[in-house]
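For reference, the chains in residue letters:
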Amino acid sequence: MNRQRALLALSLFSILIACAKVGDRPIDSATTRNARDTSNVPLSHEQLATACRAAAARENPMVRWALDTALIADLNYDGSPELVVWGNEGDSLFVFSIVECSGNRPGHVWSMPLRAMATFGTTNLDVELENPAMGEGYFQENCLGAETTSECRHLRKVDKELEVAYSRGGRGLSVGVEDRDHVHIYWDPESKGFVSWRP
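For clarity, every value in this text was computed on a predicted model and none was experimentally measured. (Residues numbered from 1 in each chain as written. Predicted model: local features only at pLDDT ≥ 70, side-chain atom pairs only at ≥ 80, totals over all residues. Heavy atoms only, no water.)

Caption draft 1: Region of the structure containing the sheet that holds strand E8 (residues 182-188). The sheet built from four strands is open, its strands ordered E6-E7-E8-E9 with antiparallel pairing. In this open sheet, the two strands that pair with only one neighbour each are strand E6 (126-130) and strand E9 (193-197). Each strand of the sheet is rotated relative to its neighbour by a mean of 25 degrees, with strand direction disregarded. In terms of strand pairing, strand E7 (residues 172-176) meets E8 through four bridges, oriented antiparallel. Paired with Ser174 across the bridge in E8 is His184. Relative to the sheet, helix H6 (residues 150-167) contacts E6 and E8, its axis offset from that of E8 by approximately 85 degrees. (Pairing = 2+ DSSP bridges. Helix = DSSP H or I, 4+ residues; strand = E, 2+ residues; numbered from the N terminus. Axes fitted to C-alpha atoms, helices over the stretch in contact; angles between N-to-C directions. Contact = heavy atoms within 4.5 Å.)

Caption draft 2: Broad picture of the pattern of salt bridges. Considering all chains together, one arrives at three salt bridges under this definition. The partner of Glu190 in a salt bridge is Lys157, and the shortest N-O contact between them spans 2.6 Å. A residue pair is termed long-range when its members are at least 10 positions apart, and Glu190 in the loop between E8 and E9 and Lys157 in helix H6 qualify at 33 residues. Assessed through its relative accessible area of 38%, Glu190 is described here as partly exposed. For Lys157, a relative accessible area of 46% gives the class partly exposed. (Salt bridge = Lys/Arg side-chain N within 4 Å of Asp/Glu carboxyl O. Buried < 20%, exposed > 50% of the residue type's maximum accessible area, 1.4 Å probe, protein only.)

Caption draft 3: Layout of the state of the cysteines. Here the structure, examined in full by the defined rule, presents two disulfides. Disulfide pairing is shown between Cys52 and Cys101; the S-S distance is 2.0 Å. Sign of the S-S torsion, about 110 degrees for the bond between Cys52 and Cys101, identifies this disulfide as right-handed. Note that Cys52 is positioned in helix H3 (residues 45-59) and Cys101 in the loop between strand E4 (93-100) and strand E5 (109-115), a separation of 49 residues in sequence. Given a relative accessible area of 0%, Cys52 falls into the buried group. For Cys101, a relative accessible area of 10% translates into the label buried. (Disulfide = S-S within 2.5 Å.)

Caption draft 4: Spatial organisation of H3. Spanning 15 residues, H3 covers 21 Å between terminal C-alpha atoms, matching the ideal 21 Å at 1.5 Å per step. Taken together, the buried residues of H3 touch strand E1 (64-65), strand E3 (82-89), E4 and E5. (Expected span 1.5 Å × (residues − 1).)

Caption draft 5: Spotlight on the nonpolar core. Phe94, Phe96, Ile98 and Leu173 are the most contacted members of the largest nonpolar core, which totals 35 residues. In terms of residue count, H6 provides more of this core than any other element does, five residues in total. Sequence-distant contacts of Phe94, that is, excluding residues within four places in its chain, are made with Trp86, Gly87, Asn88, Met112, Pro113, Leu114, Ala116, Thr123, Leu125, Val127 and Val175. Judged by nonpolar contacts, the second largest core, of 12 residues, contains Ala56, Trp65, Leu83 and Val85. (Core = buried A, V, L, I, M, F, W, Y, C linked by side-chain atoms within 4.5 Å.)

Caption draft 6: Highlighting the pairing of E8. In terms of burial, E8 is largely enclosed, as seven of its seven residues are buried. Connecting E7 to the next strand, E8, in antiparallel fashion are five residues, including Asp179 with a positive phi near 65 degrees. Relative to E9, E8 runs antiparallel, the two sharing five bridges. By the bridge assignment for E9, Tyr186 is matched with Val195. The antiparallel hairpin formed by E8 and E9 contains four residues in its connecting segment, where Lys192 sits at a positive phi of about 60 degrees.

Caption draft 7: Quick peek at the confidence of the model for the chain. Across the chain, the average pLDDT comes to 79, with 77% of residues at or above 70. Looking over the chain, one finds the lowest element-wise mean pLDDT in helix H2 (residues 29-32), namely 27, and the highest in E6, namely 96. Across residues 1-39, confidence stays below pLDDT 50; counting only partners more than four residues off in sequence or on other chains, it has three contacts. (pLDDT = per-residue confidence, 0-100.)

Caption draft 8: Representation of the packing of aromatic side chains within the structure. Across all of its chains, the model carries five aromatic pairs by this definition. Seen in terms of ring centroids, Tyr138 and Phe139 are 5.5 Å apart; in terms of plane orientation they differ by 90 degrees. Their pairing is edge-to-face. What makes Tyr138 buried here is its relative accessible area of 14%. A relative accessible area of 2% places Phe139 in the buried class. Geometrically, the ring pair formed by Trp187 and Phe194 is edge-to-face, given 4.9 Å between the ring centres and 75 degrees between the ring planes. In terms of burial, Trp187 and Phe194 fall into one category: buried. Members of the aromatic cluster, joined through ring pairs, are Trp110, Trp187 and Phe194. (Phe/Tyr/Trp six-rings, centres within 6.5 Å; stacked < 30°, edge-to-face > 60°.)

Have a look at this one:
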């Protein structure tokens with residue numbers, strides 16, 4: 001009986017030492033990850049586009065989004081695509097959202113409402129990709145005689161950067177009505193945000 005107790009005590013002691021040694025080992029992240037964890041599994045193009053649309057809708061729950069159309073391009077010139085979706089809010093606003101849309105989930109969402117009815121007389125606007133640079137015509141019209149102002153100097157510098165971004169696949173947006181003025185949107189590399197201008 002004493003011998004059985006001694007063996008039982010010895011095996012219990014061995015188990016405690018083995019458990020302590022397992023507890024001292026560094027945890028391997030692969031062994032602690034849930035088998036259902038899919039955060040590192042790449043989404044299909046359709047799944048990612050759906051997730052990016054949903055992110056825009058969460059940011060703007062009052063917008064009636066156009067579900068049958070979207071644009072994909074590198075709009076902030078970081079080498080990764082953004083998804084552009086648009087729709088109407090109420091009877092007078094046209095809203096478009098730019099969603100960072102690469103990897104496993106949507107990133108930042110930028111939303112821009114336009115007073116479309118007041119500006120264009122309609123909320124049925126066209127959205128197209130374009131060269132983000134303003135071009136020489138813009139400067140001749142808007143900076144003639146004012147080339148030394150800080151705004152025109154800034155725009156000249158940014159315009160050169162936008163031409164480089166365009167040559168690398170970067171795009172801007174044109175929003176408006178065919179054969180009328182458009183609002184042009186580009187990523188300002190200095191202010192790190194989207195900026196709009198009209199001719």
